[in-house]
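Chain by chain, the residues run as shown.
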Amino acid sequence: MEKKKWGDRKDGIWLKDIPAMNRIMPDLMPNRADNEAHISVDIDIRPLNAYLEKLNAGRTEDKYTFFHLISAAIGKAFILRPKMNRFVVGSKMYQRRKVNVAFTVKKRFDDHSEEALAFFDYDPEETLESYHTKIMRVIHQTKSYEEKDTSTGAMDIITKLPQWLITAIVKCVLWLDKHGWAPEFLIGSDPNHAAIFLSNLGSIGLPGGYHHLVNWGTNSCFIVVGKKYMKMDYDKDGNADLHEVIPLGITLDERIADGYYYSGTVALVKKLLANPELLELPANTPVEYSIR
């Protein structure tokens, strides 16, 4: 990890040598929620179906899922395309020190069950196998009623205080977070401080779509994974091709990179999911892909 210098945060390195447009945009448009770019992508799941059948042969528990493959591909894309792992706070742009993944976990599928927060690092040497082990461990932990993530536990304590004190604490935490000084027990497992915030709506039968970014925290990329559906595509000769796809709704902070860079990232994710065996290699293993 690069040594912290003046102007850096504990979670990010201040980028001083960047194009003029990237330097001035945070001053012109200071709020993350005002700088959203949304991309809709449909993933052909035929290669994933075949690959999952092979991976899960003989497994009776902790089976690999579409969500595991999709989130692993996105994590690898962030490793190989580091501009995706930037964030803006105040008038400064930072390179995040780690790639981390976060999502919410429903402890039980009923109306009264609580949600817990899953938050973990995606390492440069991460493989699909190590990622699957990590994600299942986190899911099992967060579904346990004996354990709570640090952010949820802190919120439980704060919400028992008088309203005037809650308001004062929130204002103080917002100020601390702006300067990169928010305490770990408040933000340690907060998805809004992750590089990649995922929502698996397909697991509860909902279609994909748009989700906003928030001004709190440092998250610059929110991805909604929707339920699979049948889609008709056509090849260059006009031949029809009806097949299942999974929709991804990707919301990005447009200040951290340009449209061409985002296009390259989407192309890389699609290449990985069309060839999921590439996820077996360490995440920092280069992959050839084409935008067109």
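Residues numbered from 1 in each chain as written. Predicted model: local features only at pLDDT ≥ 70, side-chain atom pairs only at ≥ 80, totals over all residues. Heavy atoms only, no water.

### Side note on the overall build of the protein
Thinking step 1. Each helix and strand in the protein was counted, giving eight helices and ten strands.
Thinking step 2. For 292 residues, the compact-globule estimate of 2.2 N^0.38 gives 19 Å, and the C-alpha radius of gyration of the protein, at 20 Å, lies within 12% of that figure.
Thinking step 3. Projected onto the principal axes, the alpha-carbon positions of the protein cover approximately 60 × 50 × 35 Å.
Thinking step 4. Out of the 292 residues in the protein, the part that is buried amounts to 47%.
Thinking step 5. Here the contacts in the protein between residues at least 6 apart in sequence split such that 70% fall between residues at least 24 apart. (Helix = DSSP H or I, 4+ residues; strand = E, 2+ residues; numbered from the N terminus. Rg over C-alpha atoms; globule rule 2.2 N^0.38 Å. Buried < 20%, exposed > 50% of the residue type's maximum accessible area, 1.4 Å probe, protein only. Contact = heavy atoms within 4.5 Å.)

### What about the packing of aromatic side chains?
Thinking step 1. Under the counting rule described, the total for this entry stands at eight aromatic pairs.
Thinking step 2. Residues Phe120 and Tyr131 carry aromatic rings whose centres are separated by 5.9 Å and whose planes lie at 50° to one another, so their mutual orientation is tilted. Taken together, the positions of Phe120 in strand β6 (residues 115-121) and Tyr131 in helix α4 (residues 128-143) put the pair eleven residues apart, joining distant regions of the chain.
Thinking step 3. A relative accessible area of 6% places Phe120 in the buried class.
Thinking step 4. Ring geometry for Phe197 and Phe222: centres 4.5 Å apart, planes at 45°, overall tilted. Placement of Phe197 in strand β7 (residues 196-200) and of Phe222 in strand β8 (residues 221-225) is noted, with a sequence separation of 25 residues between them.
Thinking step 5. Taking the ring centre of Tyr261 as reference, the NZ or CZ of Arg81 above it sits at 3.9 Å.
Thinking step 6. Here Lys92 stacks its cationic end above the ring of Trp6, 5.6 Å away from the centre of that ring. (Phe/Tyr/Trp six-rings, centres within 6.5 Å; stacked < 30°, edge-to-face > 60°. Lys NZ or Arg CZ within 6 Å of the ring centre and 35° of its normal.)

### Some remarks on the pattern of salt bridges
Thinking step 1. Under the defined criterion, the tally for this structure stands at ten salt bridges.
Thinking step 2. For the salt bridge of Lys134 with Glu126, the shortest nitrogen-to-oxygen distance reads 2.8 Å. The two residues Lys134 and Glu126 agree in class, both being buried.
Thinking step 3. Where Arg255 meets Asp253, a salt bridge forms, and the shortest distance between an N and an O atom there is 2.8 Å. (Salt bridge = Lys/Arg side-chain N within 4 Å of Asp/Glu carboxyl O.)

### Things to note about the packing of helix α3 (residues 66-80) against helix α8 (residues 259-274)
Thinking step 1. Interhelical geometry of α3 versus α8 gives an angle of 135° and a closest axis separation of 9 Å. The pairing of α3 with α8 is recorded here as oblique in orientation. Note that α3 runs across α8; the crossing there is right-handed. Where α3 approaches α8, its residues Leu69, Ile70, Ala73, Ile74, Lys76, Ala77 and Leu80 are matched on the opposing element by Thr265, Leu268, Val269, Leu272 and Leu273. (Axes fitted to C-alpha atoms, helices over the stretch in contact; angles between N-to-C directions. Parallel < 35°, antiparallel > 145°, perpendicular 65-115°, else oblique. Left-handed = near helix turned anticlockwise from the far one by under 90°.)

### A closer look at the sheet that holds strand β3 (residues 86-89)
Thinking step 1. Read across the sheet, three strands follow the order β1-β4-β3 without closing on themselves; strand pairing throughout is antiparallel. For this open sheet the edge positions go to β1 (12-14) and β3, each flanked by a neighbour on one side alone. The average undirected angle you get between the axes of adjacent strands in this sheet is 40°.
Thinking step 2. Where β1 lies against strand β4 (residues 92-96), three bridges are found, and the strand directions are antiparallel. The residue of β4 that forms the bridge with Trp14 is Tyr94. (Pairing = 2+ DSSP bridges.)

### Side note on the confidence of the model for the protein
Thinking step 1. Model confidence for the protein is summarised by a mean pLDDT of 90, while 92% of its residues fall at 70 or above.
Thinking step 2. Model confidence for the protein, summarised as mean pLDDT per element, is weakest for helix α5 (residues 150-158) at 69 and strongest for α3 at 98. (pLDDT = per-residue confidence, 0-100.)

### As for the environment of Leu252
Thinking step 1. Looking at the secondary structure, you find Leu252 in strand β10 (residues 240-253).
Thinking step 2. C-alpha separation for the pair Leu252 and Tyr262, spaced ten residues apart in sequence, amounts to 8.9 Å.

### Focus: the environment of Ala195
Thinking step 1. Assignment of secondary structure puts Ala195 in the loop between α7 (184-187) and β7.
Thinking step 2. Taking relative accessible area as the criterion, Ala195 reaches 2% and is therefore assigned buried.
Thinking step 3. In the structure, Ala195 is positioned 60 residues away from Ile135 in sequence and 16 Å away in space, judged by C-alpha atoms.
Thinking step 4. When sequence neighbours within four positions are dropped, the list of residues in contact with Ala195 reads Phe78, Asn85, Arg96, Lys98, Val99, Asn100, Asn219 and Cys221.

### Considering unusual backbone geometry
Thinking step 1. Of note in the backbone geometry, Asp62 takes a positive phi value of approximately 50° without being a glycine.
Thinking step 2. Inspection of the secondary structure assignment puts Asp62 in the loop between α2 (46-55) and α3.
Thinking step 3. By relative accessible area, Asp62 is classed as partly exposed at 27%.

### Notes on the side chain of Arg86
Thinking step 1. With respect to the secondary-structure elements, Arg86 resides in strand β3.
Thinking step 2. At a separation of 3.1 Å, a polar atom in the side chain of Arg86 contacts the side chain of Gln95.
Thinking step 3. If near-sequence neighbours (up to four positions away) are discounted, Arg86 is found in contact with Leu15, Ile18, Met93, Tyr94, Gln95, Ser220 and Ile256. (Polar contact = N/O pair within 3.5 Å; in protein donor to acceptor, adjacent residues only side chain to side chain.)

### With respect to the side chain of Lys76
Thinking step 1. In this structure, Lys76 sits in helix α3.
Thinking step 2. Of the side chains with opposite charge, Glu280 comes closest to the buried, unpaired Lys76, at an N-O distance of 11 Å.
Thinking step 3. A polar side-chain atom of Lys76 sits 3.0 Å from the main-chain carbonyl oxygen of Ala283.
Thinking step 4. Within polar-contact distance, the side chain of Lys76 engages the backbone oxygen of Thr285 at 3.1 Å. (Lys, Arg positive; Asp, Glu negative; His and termini not counted.)

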